[in-house]
Amino acid sequence: MRIAIKFRIVTLLAVLLATLVAFVLIGAFNRVHDQIGRLRQTDRFLKSVFELKVVTEDYLETGLPRANAQWHAKSATLLGQLREIAFNTDEQRALARRIQANHTSLGRTFREIETTAAGDATPEAVMIRRLTANLDVALLAMTSSANQLLEVIYRDLVKGQRIATTVAAFSSIAMLGMIVALGAMIRRGALRPLQRLQRDTAIIGEGNLDYRVGYDADDELGDLSRAFDGMLTRLKRVTASRDELNREVAERRRVETELRTTLTALEQSNRDLEQFAYSASHDLQEPLRKVAAFGSLLKKEYADAIGEQGNQYVSIMCDATGRMQKLISALLSYSRVTTRGKAFVPVDLNDAVATVLSDLETRISETKGDIVVGRLPTIQADPAQIRQLLQNLIANALKFHKPDEAPRVQVYDDSIVEGDPSAMPLCRISVEDNGIGFEQKYADRIFGIFQRLHTRREYSGTGIGLAVCRRIAERHGGCVAAVSAPGNGARFTFTLPLARDTSQGDKT
Amino acid sequence: MNCVAISILMAEDDIEDQLLVKKAFKEARVLNGLTIVNDGEELMAYLRGEGDYASATKPDLLLLDLNMPRKDGREALEEIKSDPELRHIPVVILTTSDADEDILRSYNMGANSYIQKPVTFEKMVEVVEAIGQYWLGVVKFPCTEHNPPGRCESGT
């Protein structure tokens, strides 16, 4: 049962008990009060009896009509007084009846005396004596009864007082008992559970989140206990979450440190690679240089001695070494896409293309090329590499023109506008030409290292330009692809993310 | 036309490159005295007039290769440019390397020019001609014992 209801019930009971006790006590003391009243009345009655006795003696002595009238008046008053008293026990009433009988007998005797006195004949002394004696007896009896009545009433009064006192005592005990019961109830129902709760919270406060109060009563404290336990469960969960988060943070930090270490290692590796590539290419170039230099010396100083064929042979050798040198340079720049990659910064592609066109000025005028550039966006990129990419693509477009047609190259923004807005924004640029084109089945192969679709005789070049383009695009997190058909020109499209989350760029 | 009185010293370890340069000088008709040393040690000995080179006179112009055994051109350059007796000699770096670090470091240490050895012989001849025109025709050298004033003027 809920504590509040218990309290209400107890309060109700207490009120009822108090009311009852009040009623009882009021009743008891009222009775006492009545009894005292009765006592006083009886006492006055007794006085009246004495007064009647006096009046009787007075009449007996004087015989005056005045005394007679007094006697009757007093007798009537006496009766009136007796009748006024409200008796409350049978004993009292019995006594009152006796008194009344006495009074009637007295009255009768008095009237006898009156009659005798009013008669003609002189009453006999003995009859007077008899009547007087009867009167005395009657008076005495009445006095005696009245005294008895007084005694009885007094006794009843004392009894009533005792009852009232007892009732008062019992009600005090009852009230005390009620208070004790209430106290016990509070203690059992509220105080002890609260103390228990207090003790439990102290235990929990120490850090033991698995402890539960578990006071499962169906009252307010039970609710409190359940709520508390619920809170503990949640707290435990939250703490667990927090611990988990801390672990995750520690793990992330560890991973971050690892990444940093890896990054440093990679940077070192890059430096080593660059060193190696440079040294290798440098040392490889040296013999080629000798062959080329002495080849041309040979041609110069011994042209006649070795003859025309001999000169041709020497030329072939020199050309071969020249090509080798170009290949080595090409390989070096291919490896440098990674080892010499710079951090990404905003690059306005319009400016990049303008620079490239300026660098290719000679070639553009030689081929009578016409290059049209559309509005291009700004992207996060390595500026030098993007220029390299554009240069390779545009130079190719110029190179592979139709024999009798001047190259016409278009560079434009080919981005798809619609699409998933939540996906990373991309930038697509196309370099389109009206040149000789190629079969689409080679569209992937041409991006391989040293891959060529033509003989050296037809077109010069190392076959590494497009490989470098692909490597640059991939370093930027993008890609490059080609679409073409023989005789229909070609369109090379590179796709790059518009923005990167780190400004450091990709050092791999 | 160049001033024949200007003496040139070249530090180069590669025999074939020495041959090519000598041929290029001949082809470019630069007739100045060209002395060759094989590495940094010999170079310093020559400049200081030590050992075998006790009688050597300091050159007016130095062509210096960077990659040499024993003591390379970088070290030699540093030594030369910190030596008050040798500092005044203009140094033209003539090397195969095109590394940015080499170029920057050379200029930082006081090299006067940096030339990458050309690949073909024809180009080498052009370079030597250019050296002749500039260093031996345009610029002025300080006067020394074997190059007293009056003996060499621009245009002579």
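Note that the structure is predicted; figures quoted are calculated from it, not measured. (Residues numbered from 1 in each chain as written. Chains lettered and ligands numbered in written order. Predicted model: local features only at pLDDT ≥ 70, side-chain atom pairs only at ≥ 80, totals over all residues. Heavy atoms only, no water.)

Some points on the overall build of chain A
Counted only if it meets this: Each helix is a run of DSSP H or I of at least 4 residues and each strand a run of E of at least 2, with the numbering of both proceeding from the N terminus. Residue exposure (1.4 Å probe, protein chains only): buried if accessible area is under 20% of the type maximum, exposed if over 50%, otherwise partly exposed. Calculation of accessible area relied on Shrake-Rupley with a 1.4 Å probe; when residues are assessed, cover is drawn exclusively from the protein chains displayed.
When you go through chain A residue by residue, the secondary structure sums to nine helices and seven strands. Looking at the 508 residues of chain A, the share that counts as buried comes to 35%. For chain A, the exposed area adds up to about 30000 Å²; of that, 58% sits on carbon and sulfur atoms.

A few points about the interface of chain A and chain B
Basically, it comes down to this: Contacts were defined at the residue level, with two residues in contact if any of their heavy atoms lie within 4.5 Å. Computed with a 1.4 Å rolling probe, the buried area is the accessible surface lost when two parts are put together, summed over both parts. In the sections that follow, a salt bridge refers to a side-chain nitrogen of Lys or Arg positioned within 4 Å of a carboxyl oxygen of Asp or Glu. Here a polar contact is taken to be a pair of N or O atoms separated by no more than 3.5 Å, where protein atoms must pair a possible hydrogen donor with a possible acceptor and residues adjacent in sequence count only if both atoms sit in side chains.
Taken together, the contact between chain A and chain B spans 14 residues of the former and 18 residues of the latter. Between chain A and chain B, roughly 1400 Å² of surface is buried when both sides are summed, and carbon and sulfur atoms account for 55% of that area. At the surface where chain A touches chain B, the tally comes to five salt bridges. The partner of A:Arg289 in a salt bridge is B:Asp17, with the nearest N and O atoms 3.2 Å apart. If you look at where chain A meets chain B, you find nine residue pairs in polar contact (both at pLDDT 80 or more).

Observations concerning the pattern of salt bridges
Scanning all chains against the criterion turns up 35 salt bridges over all chains. The salt bridge involving A:Asp243 is made with A:Arg242; its shortest N-O contact spans 3.0 Å. In this structure A:Asp243 comes out as partly exposed when scored by relative accessible area, which is 30%. Note on A:Arg242: relative accessible area 46%, which makes it partly exposed. Among the salt bridges present, the one from B:Asp72 reaches B:Arg74, with a minimum N-O distance of 3.0 Å. Through salt bridges with shared partners, a single network forms among A:Arg289, B:Glu12, B:Asp17, B:Asp65 and B:Lys117.

Overview of helix H9 (residues 465–475) of chain A
All names here are of chain A. Taken together, the buried positions of H9 are Leu466, Ala467, Val468, Cys469, Ile472, Ala473 and Arg475. Check the buried side of H9 and you find it contacts helix H5 (220–339), helix H8 (383–399), strand E6 (479–484) and strand E7 (490–497). Downstream of H9 by one or two residues, Gly477 has phi in the positive range, about 80°.

Quick notes on unusual backbone geometry
All names here are of chain A. The backbone phi angle of Lys368 is positive, close to 55°, even though this residue is not glycine. Checked against the element boundaries, Lys368 lands in the loop between helix H7 (361–367) and strand E2 (370–373). Classification of Lys368 as exposed rests on a relative accessible area of 63%.

Focus: the pairing of strand E5 (residues 426–433) of chain A
Residues and elements named next belong to chain A. Counted only if it meets this: At least two bridges found by DSSP between two strands is the condition for calling them paired.
Note that strand E4 (residues 408–413) and E5 share five bridges and pair antiparallel. Residue pairing across strands places Gln410 opposite Glu432, the latter belonging to E5. Relative to E7, E5 runs antiparallel, the two sharing eight bridges. In the sheet register, Val431 faces E7, and the bridge partner there is Phe492.

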